[in-house]
Amino acid sequence: MNENRYGRIVNISSGLGSFEILQGFLGLKGSTSVYRISKTMLNALTCLVAQDVADMGIKVNAVCPGRVQTDMGGADAPQTIEEGADTAVWLALLGEDGPNGGYFRERQLIAW
């Protein structure tokens, strides 16, 4: 990526790693502390790497796909696999003017 001065890195995160949820502001519970902190650290890594490569034509963003109909999300999850993948694919195909260092759900910027 450095050599080509172009690249897109999309980290798959989770809303359970957001600071609002970690601080209990949204009242959501579930998943283990290990899973949640791993997503929080992934979010921090996204921010740091995005800063490191900002002048290299590389964009780094994180996405929360939401609860998706997979083995992990369950058959009753509200989103299909295609719906869950949409924002990640969008971020992977960003143009030069696209965001860098953001956290997204349904193609919208969300709070860390």
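Data block above holds the structure.
Reading the values: rules and limits
Residues numbered from 1 in each chain as written. Predicted model: local features only at pLDDT ≥ 70, side-chain atom pairs only at ≥ 80, totals over all residues. Heavy atoms only, no water. Helix = DSSP H or I, 4+ residues; strand = E, 2+ residues; numbered from the N terminus. Rg over C-alpha atoms; globule rule 2.2 N^0.38 Å. Buried < 20%, exposed > 50% of the residue type's maximum accessible area, 1.4 Å probe, protein only. Contact = heavy atoms within 4.5 Å. Areas by Shrake-Rupley, 256 points an atom, 1.4 Å probe, with all protein chains shown as cover. Lys, Arg positive; Asp, Glu negative; His and termini not counted. Charge placed at Lys NZ, Arg CZ, Asp CG, Glu CD. Core = buried A, V, L, I, M, F, W, Y, C linked by side-chain atoms within 4.5 Å. Pairing = 2+ DSSP bridges. Axes fitted to C-alpha atoms, helices over the stretch in contact; angles between N-to-C directions. Expected span 1.5 Å × (residues − 1). Arc of directions from axis to C-beta.

**Description of the overall build of the protein**
Counting secondary structure elements, the protein contains three helices and four strands. The helix and strand sequence of the protein, counted from the amino end, reads β-α-α-β-α-β-β. For 112 residues, the compact-globule estimate of 2.2 N^0.38 gives 13 Å, and the protein sits close to it at 15 Å. Principal-axis analysis of the C-alpha atoms gives the protein an extent of 40 × 30 × 20 Å. In the protein, buried positions account for 37% of the 112 residues. Here the contacts in the protein between residues at least 6 apart in sequence split such that 62% fall between residues at least 24 apart. For the protein, the computed accessible surface area is about 6,900 Å², with 57% contributed by carbon and sulfur atoms. Counting 9 positive and 12 negative side-chain charges, the protein places the centres of these two groups 6 Å from one another.

**Overview of the nonpolar core**
Judged by nonpolar contacts, Val63, Ala88, Leu91, Leu94 and Phe104 together constitute the single largest core of five residues. Among all residues touching alanine 88, those that are not within four sequence positions of it are Val10, Ile12 and Val63.

**Things to note about the pairing of strand 2 (residues 58-63)**
The buried fraction of strand 2 is high, at six of six residues. Side chains Ile58, Val60 and Ala62 project from strand 2 onto one buried face, and the interleaved Lys59, Asn61 and Val63 project onto a second face that is buried too. Across six bridges, strand 1 (residues 7-12) lies against strand 2 in parallel orientation. Its bridge partner being in strand 2, glycine 7 is matched across the sheet by isoleucine 58. Across two bridges, strand 2 lies against strand 3 (residues 103-105) in parallel orientation.

**A closer look at the sheet that holds strand 4 (residues 108-109)**
Within the open sheet, the four strands sit side by side as 1-2-3-4. Their pairing is mixed. Every other strand in the sheet has two partners, leaving strand 1 and strand 4 as the edge strands with one partner each. Contacting strand 1, strand 2 and strand 3, helix 2 (residues 33-52) runs over the sheet at an angle of about 160 degrees to strand 2. Here helix 3 (residues 81-92) sits on the sheet in contact with strand 1, strand 2 and strand 3, set at roughly 155 degrees to strand 1.

**Let's talk about helix 3**
An ideal rise of 1.5 Å per residue puts 16 Å on 12 residues; helix 3 measures up with 17 Å between its terminal C-alpha atoms. Buried residues of helix 3: Gly84, Thr87, Ala88 and Leu91, and no others. All buried residues of helix 3 project into a common sector of 90 degrees when viewed along the axis, lining one side.

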